[in-house]
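# Analysis of the macromolecular model
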Amino acid sequence: MNLEERHSHTSALISTVGRRLESHRRTILTKSNLKNAEYAVLVTLAQQGRTQTELATEIGVRRTHVGSIVNELLQKELVAITTPAEVSRNKIYALTPTGYRLQEKLRAGMIVVD
């Protein structure tokens, strides 16, 4: 097999693996009733609490979009506000125990691929 044929074969293999991984990821998140961005927030908050601005920077979306994502996760009781109530700006969000367990379960499932 010449270099061009190997390159073509490798590209096809990488493409196939990528599609399988994305399909696997989508299946896991759908079963948990989560979107990709919600999962990204859970994984990011598993490390430590973050503000909305910090989350936006780390996951690469607009700050206003992070607000919507965090509100969904607050309603699902996967995220909580850990800032004192009297602080109205720069609230810090962290995972609830349920959110932490879910993100651990999801991360473990993402690693296991047929």
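This write-up is about the structure you can find in this document. Once a new chain begins, its residue numbering starts again from 1 and follows that chain's sequence as written. It should be noted that, the model being predicted, local features are given only for residues of pLDDT at least 70 and side-chain atom pairs only at 80 or more, the latter also being counted only at that level, while totals for whole chains, interfaces and linings use all residues. To get the side-chain values, take all heavy atoms of the structure and skip hydrogens and water.

## A word on the pattern of salt bridges
- The salt bridge definition used is simple: a Lys or Arg side-chain nitrogen within 4 Å of an Asp or Glu carboxyl oxygen. Applying the stated criterion across every chain yields a total of 3 salt bridges.
- A salt bridge links Glu38 to Lys76, with the nearest nitrogen and oxygen atoms 3.3 Å apart. In this pair, Glu38 is assigned in helix α2 (residues 36-47) and Lys76 in the loop between α4 (63-75) and β2 (79-81), connecting sequence segments 38 residues apart.
- For Glu58, the salt bridge identified is with Arg50, shortest N-O distance 2.5 Å.
- Think of it in three bands: residues with accessible area under 20% of the maximum for their type are buried, residues over 50% are exposed, and the middle band is partly exposed, with areas taken using a 1.4 Å probe on protein chains only. According to the relative accessible area criterion, Glu58 is partly exposed, its value standing at 43%.
- On the accessibility criterion, Arg50 (6% relative accessible area) is buried. Segments assigned H or I by DSSP are reported as helices when at least four residues long, segments assigned E as strands when at least two residues long, and all are numbered from the N terminus.

## A short note on α2
- Expected span, for any helix, means 1.5 Å times one less than how many residues it has. End to end, α2 covers 18 Å across 12 residues, agreeing with the expected 16 Å (1.5 Å per residue, within 8%).
- If you check which residues of α2 are buried, you get Glu38, Tyr39, Val41, Leu42, Val43, Thr44 and Leu45.

## Let's talk about the side chain of Thr44
- Relative to the assigned elements, Thr44 resides in helix α2.
- On the basis of relative accessible area, Thr44 is assigned to the buried category, the value being 8%.
- Within 3.5 Å is the distance limit for a polar contact, defined as a pair of N or O atoms, with the added protein rule that one can donate a hydrogen and the other accept it, and that residues adjacent in sequence qualify only through two side-chain atoms. Here the side chain of Thr44 touches Ala40 through a polar contact of 2.8 Å, landing on its backbone oxygen.
- Residue contacts for Thr44: discarding those within four places in its chain leaves Arg50, Leu55, Glu58 and Ile59. We call two residues in contact whenever any of their non-hydrogen atoms come within 4.5 Å of each other.

## Digging into unusual backbone geometry
- Positive phi, normally seen in glycine, also occurs at Asn33, with a value near 60 degrees.
- Note that Asn33 resides in the loop between α1 (3-31) and α2.
- Looking at Asn33, the relative accessible area reads 57%, which means it is exposed.
- Of note, the phi angle at Glu77 is positive, near 60 degrees, even though the residue is not glycine.
- Along the chain, Glu77 turns up in the loop between α4 and β2.
- Residue Glu77 is classed as exposed on the basis of its relative accessible area of 58%.

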